[in-house]
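Read off the chains here:
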Amino acid sequence: KYTLSRKAGEDVGTYTITPSGEAVQGNYTVTYKTGELKITASGNLTVSGENYKEAYDGKAHGKAATANVTDGTEISYSVDDGTTWKNEYPTITNVGKVTVQVRATNANYVTATATYTLEVTHAPVTVTANSKTKVYGAEEPKLDAKVEGTLNGDAVKYTLSRKAGEDVGTYTIT
């Protein structure tokens, strides 16, 4: 008869299995030798991030990635092909596209990786030329326009012109 015991623990590592019992049992002298229990990293860790694509609105956009195992898991992000990793998730404000690499590390799991994108597209802006009138022979009115769709005091550049002519009629302001 003998008993087996090992140090308690479920983390990745090597645990000694210790047999014990009486040294003499019936016709036998018993020698007890230790063994090992190796707990290896699980491949069941996953991580994912949510793609974002919207028109410019002047705000920063981004969202943290999530892992299926949260206890003991650290998530980090890279936007430079894995050269630099940070624990804060990246955001995007201005027009452009960023590919985010994300990794989840946990001492008891194989590292999990994923990629997702953050993209801000151009916001629509409308420049509408204001209609004008003038009397034949009078001075040319100043051309102006109404701008709709800009945010936070942003401005867009534009020019206004009309087809040359002084005869009575309608001329499109472009």
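The structure we're discussing is the one just above.
Residues numbered from 1 in each chain as written. Predicted model: local features only at pLDDT ≥ 70, side-chain atom pairs only at ≥ 80, totals over all residues. Heavy atoms only, no water.

Helices and strands together make up the secondary structure of the protein, namely 0 helices and 13 strands. Reading the protein from its N end, one meets helices and strands in the order β-β-β-β-β-β-β-β-β-β-β-β-β. For 174 residues, the compact-globule estimate of 2.2 N^0.38 gives 16 Å, and the C-alpha radius of gyration of the protein, at 36 Å, exceeds that figure by more than 25%. Each of the three principal axes of the protein carries a C-alpha extent, and together these read 130 × 20 × 20 Å. For the protein, with 174 residues in total, the buried portion stands at 17%. Residue pairs at least 24 apart in sequence account for 48% of intrachain contacts in the protein once pairs closer than 6 positions are excluded. Of the accessible surface of the protein, which amounts to about 12,800 Å², a share of 48% is contributed by carbon and sulfur atoms. In the protein, 18 side chains carry a positive charge and 20 a negative one; their mean positions are 2 Å apart. (Helix = DSSP H or I, 4+ residues; strand = E, 2+ residues; numbered from the N terminus. Rg over C-alpha atoms; globule rule 2.2 N^0.38 Å. Buried < 20%, exposed > 50% of the residue type's maximum accessible area, 1.4 Å probe, protein only. Contact = heavy atoms within 4.5 Å. Areas by Shrake-Rupley, 256 points an atom, 1.4 Å probe, with all protein chains shown as cover. Lys, Arg positive; Asp, Glu negative; His and termini not counted. Charge placed at Lys NZ, Arg CZ, Asp CG, Glu CD.)

Here we come to a nonpolar patch on the surface. Together, Val125, Val127, Val147, Val156 and Tyr158 make up an exposed nonpolar region whose accessible area comes to about 330 Å². By secondary structure assignment, the location of Val127 is in strand S12 (residues 126-129). Here Val127 falls in the partly exposed class, since its relative accessible area comes to 35%. (Patch = residues over 30% accessible without salt bridge, like charges linked within 9 Å, V, L, I, M, F, W, Y side chains within 5 Å. Salt bridge = Lys/Arg side-chain N within 4 Å of Asp/Glu carboxyl O.)

We now examine the nonpolar core. Val47, Ala65, Ile75, Tyr77, Val102, Ala104 and Tyr116 are the most contacted members of the largest nonpolar core, which has 16 residues in total. Put simply, the parts of the chain that give this core at least two residues each are strand S9 (74-78), strand S10 (96-106) and strand S11 (109-121). Among the elements that line this core, the one with the most residues is S11, at 4 residues. (Core = buried A, V, L, I, M, F, W, Y, C linked by side-chain atoms within 4.5 Å.)

Looking now at the sheet that holds strand S1 (residues 2-6). Taken together, the 3 strands give an open sheet; going across it, the order is S1-S2-S5, and neighbouring strands pair in antiparallel fashion. Edge positions in the sheet fall to S1 and strand S5 (35-39), since each of these pairs with one other strand and no more. For this sheet, the mean angle separating the axes of adjacent strands, direction not counted, is 25 degrees. Both strand S2 (residues 13-21) and S5 contribute to a ladder of 5 bridges, which runs antiparallel. Within S5, the position partnered with Tyr15 by the bridge is Leu37. (Pairing = 2+ DSSP bridges. Axes fitted to C-alpha atoms, helices over the stretch in contact; angles between N-to-C directions.)

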